[in-house]
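Structural characterization, general
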Amino acid sequence: MPKLNILVGTMYGGALDVAEQVKPLFEQAGYSVDIIEQPSLNDVTSHDGITLFCVSTTGSGDFPGSFVPFVRSLRDQSPSLTTLRYGLIALGDSSYGETFCGAGRALDALLDDHGATRLGERLEVDAMETFMADDAALPWVEEWIESQQLKVA
Ligand SMILES: Cc1cc2nc3c(=O)[nH]c(=O)nc-3n(C[C@H](O)[C@H](O)[C@H](O)COP(=O)(O)O)c2cc1C
């Protein structure tokens with residue numbers, strides 16, 4: 001069974017809740033799914049399946065603390081990520097203005113810089129519009145599995 005990793009960066013649990021809610025959709029599509037709450041670089045360099053990032057933003061466009069070590073080692077070690085295919089769900093709040101979904105956007109740019117391939121568009125969930133992030137994430141993942149032809153079972 002192919003593996004799919006969901007790498008989470010969260011402060012208050014919203015992004016983790018999204019990961020837990022969408023996990024069954026990938027299982028139904030034929031994947032064995034791991035949710036990784038303290039991701040390390042190894043989770044993307046030694047994994048040849050699909051990766052979904054669920055990352056919220058804190059501070060002024062900053063990464064959640066649990067996600068900082070991942071980003072730091074990506075910047076420091078700068079590995080080639082040309083085999084990484086990923087999707088990205090960014091959680092944020094548009095009342096923060098210019099830093100809206102800053103962490104998700106910065107991650108997307110960083111992954112692109114390292115040669116990774118994003119499948120489809122990034123989802124940006126705005127807490128101003130969507131009270132429960134799952135309400136936006138679940139239909140997005142269903143559509144993502146369909147449009148990217150990710151179904152294996
Ligand atoms: C202290 C603090 C700072 C925040 N800064 C930003 C920000 O700069 N940009 C943004 O889009 N959202 C910002 N947010 C909103 C969160 O990203 C949003 O509420 C998100 O849904 C939280 O997800 P989580 O439950 O996974 O931590 C901030 C929230 C808090 C509490």
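Refer to the preceding data block for the structure.
Residues numbered from 1 in each chain as written. Predicted model: local features only at pLDDT ≥ 70, side-chain atom pairs only at ≥ 80, totals over all residues. Heavy atoms only, no water.

**Points about the overall build of the protein**
Across its full length, the protein holds 5 helices and 6 strands. Starting at the N terminus and ending at the C terminus, the protein contains elements arranged as β-α-β-α-β-α-β-α-β-β-α. Whereas a compact globule of 153 residues would reach a radius of gyration of roughly 15 Å, the protein reaches 14 Å, a difference of no more than 12%. For the C-alpha atoms alone, the extent of the protein along its principal axes is close to 40 × 35 × 25 Å. For the protein, the share of sequence-separated contacts (at least 6 apart) that also reach a separation of at least 24 residues comes to 79%. Carbon and sulfur atoms make up 45% of the accessible area of the protein, which totals about 7,500 Å². With 9 positive and 23 negative side-chain charges, the protein shows a spacing of 6 Å between the two charge centroids. (Helix = DSSP H or I, 4+ residues; strand = E, 2+ residues; numbered from the N terminus. Rg over C-alpha atoms; globule rule 2.2 N^0.38 Å. Contact = heavy atoms within 4.5 Å. Areas by Shrake-Rupley, 256 points an atom, 1.4 Å probe, with all protein chains shown as cover. Lys, Arg positive; Asp, Glu negative; His and termini not counted. Charge placed at Lys NZ, Arg CZ, Asp CG, Glu CD.)

**Examining the site of the ligand**
Not every one of the 19 residues close to the ligand is listed here, only the nearest: Thr 10, Gly 14, Thr 57, Thr 99 and Cys 101. Ala 15 places a polar main-chain atom, nitrogen or oxygen, 2.9 Å from an oxygen atom of the ligand. A distance of 3.1 Å is found between an oxygen atom of the ligand and a side-chain nitrogen or oxygen belonging to Ser 56. Relative to its unbound accessible surface of 650 Å², the ligand loses 81% to contact with the protein. Mapped onto the shell around the ligand, the elements with two or more residues apiece are α1 (14-28) and β4 (85-92). In terms of residue class, the shell around the ligand is built from 7 nonpolar, 11 polar and 1 charged. (Near = heavy atom within 4 Å. Polar contact = N/O pair within 3.5 Å; in protein donor to acceptor, adjacent residues only side chain to side chain. Nonpolar A, V, L, I, M, F, W, Y, C, P; charged D, E, K, R; others polar.)

**A look at the packing of aromatic side chains**
Applying the stated criterion to the full structure yields 7 aromatic pairs. An angle of 80° between the planes, with centres 6.4 Å apart, marks the rings of Phe 53 and Phe 67 as edge-to-face. A residue pair is termed long-range when its members are at least 10 positions apart, and Phe 53 in strand β3 (residues 50-56) and Phe 67 in the loop between β3 and α3 (68-77) qualify at 14 residues. Residue classification places Phe 53 among the buried residues on the basis of a relative accessible area of 0%. Between Trp 140 and Trp 144 the ring centres are 5.4 Å apart and the planes differ by 15°, which places this aromatic pair in the stacked class. Of this pair, Trp 140 and Trp 144 both sit in helix α5 (residues 133-147), 4 residues apart, roughly one helical turn. Just as Trp 140 is buried, Trp 144 falls in that class too. Following the ring pairs from residue to residue traces out a cluster consisting of Phe 53, Phe 63, Phe 67, Phe 70 and Tyr 86. (Phe/Tyr/Trp six-rings, centres within 6.5 Å; stacked < 30°, edge-to-face > 60°. Buried < 20%, exposed > 50% of the residue type's maximum accessible area, 1.4 Å probe, protein only.)

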